[in-house]
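Working through the structure, step by step
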Amino acid sequence: MSELSRRGLMYVMSSPSGAGKTTITRALLKTNRDVTISISATTRPRRAGEVHGQDYFFVTTEDFRDMVDSGEMLEHAKVFDHYYGTPRSPVEKALSAGKDVIFDIDWQGTQQLREMAREDLATVFILPPSRADLEKRLRTRSQDTLESEADIRGRMSKAADEMSHYSEYDYVIINNDVEEAIRKAQLILDAERLKRRRIAGLSNFVRGLKEGI
Ligand code: 5GP
């Protein structure tokens, strides 16, 4: 089987904030050796606890523009008030090394990736189980950052905007049990890896099997 190898997969996960996407992507990273996550660049200010180069590359608007102008961004979008983009070269390196890359990007970025790499893409939209659950999660999170009621309302309305794009995705996971959601995300990853077009060298392999029969 040595001549068989697999093309890396671009595994996109989108969700409104507060749907549990970070927990799911971290779990996949922990249990899959050949998976890496794309670290985005953003112009938004760093939140408490976030690490430059780990959560995001925090850059100025000028630096961000330079990266876009020089073609260093695989995709980029303005998400609400700030710019976000995926640096191209780490993704290309990981894919050509046969690794799968997870993207935590919004629907605009997903659309751009779909236009340029449909064959290499698998997309998942994660939904919260209920409005009340989403609100509870956003409120718990906002306690750390002392957000006002208006901020929370704003986040709820952003979540509603983002959720209206669920139908553009290949898969949907309703996150009413995080362990179950992780299991489903893993299941999708495993099935996508088995797609015929992702197995390189298959026709030679089958030819070899048939030889001498
Ligand atoms: P946050 O500021 O809460 O970390 O992220 C806000 C939104 O921006 C999330 O929906 C996240 O998926 C999206 N996002 C993060 N990085 C990127 C990126 O590189 N490109 C795009 N298009 N969206 C991103």
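As shown above, the structure is provided for reference.
This write-up is about the structure you can find in this document.

Burial within strand S6 (residues 73-79) is extensive, with 5 of its 7 residues counted as buried. Note: S6 against strand S7 (residues 82-87), 6 bridges, orientation antiparallel. Residue pairing in the sheet places Lys 78 in a bridge with Tyr 83 of S7. Where S6 folds back on S7, the antiparallel hairpin that results is connected by 2 residues, among which Phe 80 adopts a positive phi of roughly 55 degrees.

Note that strand S4 (residues 41-42) and S7 share 2 bridges and pair antiparallel. The residue of S7 that forms the bridge with Ala 41 is Gly 85.

So, about the side chain of Glu 50. Locating Glu 50 in the fold gives a position in the loop between S4 and strand S5 (57-58). A distance of 2.8 Å separates a polar atom in the side chain of Glu 50 from a polar atom in the side chain of Arg 44. If we skip the residues at most four places from it in the chain, Glu 50 touches Arg 44, Pro 45, Asp 55, Tyr 56 and Phe 58.

Okay, helix H6 (residues 149-163) next. Across its 15 residues, H6 extends 21 Å between first and last C-alpha, which sits within 8% of the 21 Å expected from 1.5 Å per residue. Listed in full, the buried residues belonging to H6 are Ile 152, Arg 155, Met 156, Ala 159 and Glu 162. Buried residues along H6 cover an arc of 125 degrees about the axis, so they all sit on one side.

Reading the values: rules and limits
Residues numbered from 1 in each chain as written. Predicted model: local features only at pLDDT ≥ 70, side-chain atom pairs only at ≥ 80, totals over all residues. Heavy atoms only, no water. Buried < 20%, exposed > 50% of the residue type's maximum accessible area, 1.4 Å probe, protein only. Helix = DSSP H or I, 4+ residues; strand = E, 2+ residues; numbered from the N terminus. Pairing = 2+ DSSP bridges. Polar contact = N/O pair within 3.5 Å; in protein donor to acceptor, adjacent residues only side chain to side chain. Contact = heavy atoms within 4.5 Å. Expected span 1.5 Å × (residues − 1). Arc of directions from axis to C-beta.

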